[in-house]
Amino acid sequence: MKDKVILITGASSGIGEATAKLLAAKGAKVVLGARRADRLEALANEITAAGGEAIWQVLDVTSQADNDAFVKLAKDRFGRVDVIFLNAGIMPSSPLSALKTDDWHAMVDINIKGVLNGVAAVLPEFIAQKSGHVIATSSVAGLKAYPAAAVYGGTKFFVRDFMEILRMESAMEGTHIRTATIFPAAINTELLNTISEPGTAAGMAALYEQVGITPDRIANVVAFAIEQPEDTNVSELTVGPTVQAW
């Protein structure tokens, strides 16, 4: 982990924030990207004050130019990129009958296109150096279908398929790019705040209050994946509460 250059999208809160703090404490150089400049600056300052290394840049994952600039920032400051954690996402779940089509398109743009743009930005670097690690946040909704999560789950099913094929093609092409896909269950983050449909919001809030776990649990799993030997690929990790809720 020490001195690895690790890019984190969706770094301003929740899983991204917790992961940034943990990896920096373990000696990584973290590059933080998200849309909220004030949160990124505060997080970078906190990490630096604790003795870690962190830089940040406002990042809209739906923009390829922003993703390219994010990777360039890491290269310019630290000379290389070792890991990218594609963590940005939203979860405005609702029944299809609610016809929240703006939410549908926003989930596709951020949860799917955000992953595509991040990989497109970093892949040339990883191919050239014949090493690199791509980690992405999917969801248990990317493993099993849930009512009110048709579109959200669809975006997360996509992430699983995309990451598995990235792993397979890397092995076939000899580029030595590792992948890890994280499948969180009920994690207490700001994702719940993106649900605008009252019935779904109330149901999810009740569930998370009962069984939700903290984002640092996911941060530990991300660290575990990164810390494996370079010839070891941990491709899929599911993390959730120990009670029967999913």
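Residues numbered from 1 in each chain as written. Predicted model: local features only at pLDDT ≥ 70, side-chain atom pairs only at ≥ 80, totals over all residues. Heavy atoms only, no water.

Caption draft 1: Focus on the nonpolar core. Core analysis: the largest hydrophobic core is formed by 39 residues, its most contacted members being Leu 7, Val 31 and Val 134. Taken together, the elements giving at least two residues each to this core come down to strand 1 (5-9), helix 3 (64-78), strand 4 (83-86), helix 4 (101-129), strand 5 (132-137), helix 5 (150-173) and helix 6 (198-211). Ranked by residues supplied to this core, first place goes to helix 4 with 7 residues. Residues in contact with Leu 7, not counting those within four places in the same chain, are Val 31, Phe 70, Val 71, Ala 74, Val 81, Val 83, Ile 84 and Phe 85. Ile 182, Ile 187, Ile 213 and Ile 218 belong to the second largest nonpolar core, which has 33 residues in total. (Core = buried A, V, L, I, M, F, W, Y, C linked by side-chain atoms within 4.5 Å. Buried < 20%, exposed > 50% of the residue type's maximum accessible area, 1.4 Å probe, protein only. Helix = DSSP H or I, 4+ residues; strand = E, 2+ residues; numbered from the N terminus. Contact = heavy atoms within 4.5 Å.)

Caption draft 2: Quick look at a nonpolar patch on the surface. A cluster of nonpolar residues, Ile 165, Met 168 and Met 172, forms a patch on the protein surface that exposes about 310 Å² of accessible area. With respect to the secondary-structure elements, Met 172 resides in helix 5. (Patch = residues over 30% accessible without salt bridge, like charges linked within 9 Å, V, L, I, M, F, W, Y side chains within 5 Å. Areas by Shrake-Rupley, 256 points an atom, 1.4 Å probe, with all protein chains shown as cover. Salt bridge = Lys/Arg side-chain N within 4 Å of Asp/Glu carboxyl O.)

Caption draft 3: Highlighting helix 5. In this model, helix 5 (24 residues) spans 34 Å end to end at C-alpha, consistent with the 34 Å of a helix rising 1.5 Å per residue. Taken together, the buried positions of helix 5 are Val 151, Tyr 152, Gly 153, Thr 155, Lys 156, Val 159, Phe 162, Met 163, Leu 166 and Ser 170. Each element contacted by the buried residues of helix 5 is listed here: helix 4, strand 5 and strand 6 (177-184). Phi for Gly 174, located one or two positions after helix 5, is positive at around 70°. (Expected span 1.5 Å × (residues − 1).)

Caption draft 4: Up close: the environment of Ala 148. With respect to the helices and strands, Ala 148 occurs in the loop between strand 5 and helix 5. Residue classification places Ala 148 among the partly exposed positions, given a relative accessible area of 24%. Considered as a pair, Ala 148 and Thr 200 are 52 residues apart in the sequence and their alpha carbons are 7.0 Å apart.

Caption draft 5: Expanded view of the pairing of strand 5. Within strand 5, 6 of the 6 residues are buried, leaving the element largely enclosed by the surrounding structure. Relative to strand 5, strand 4 runs parallel, the two being bridged by 4 bridges. Bridge pairing in strand 5 places Phe 85 opposite Ile 135. Remark: the strand 4/helix 4/strand 5 crossover connection has right-handed handedness. Of the pairings in the sheet, the one linking strand 5 to strand 6 comprises 6 bridges and is parallel in character. Residue pairing for strand 6: Ile 135 is matched across the bridge by Ala 180. Read from strand 5 through helix 5 to strand 6, the crossover connection turns out right-handed. (Pairing = 2+ DSSP bridges. Right-handed = clockwise from strand over helix to strand, strands pointing away.)

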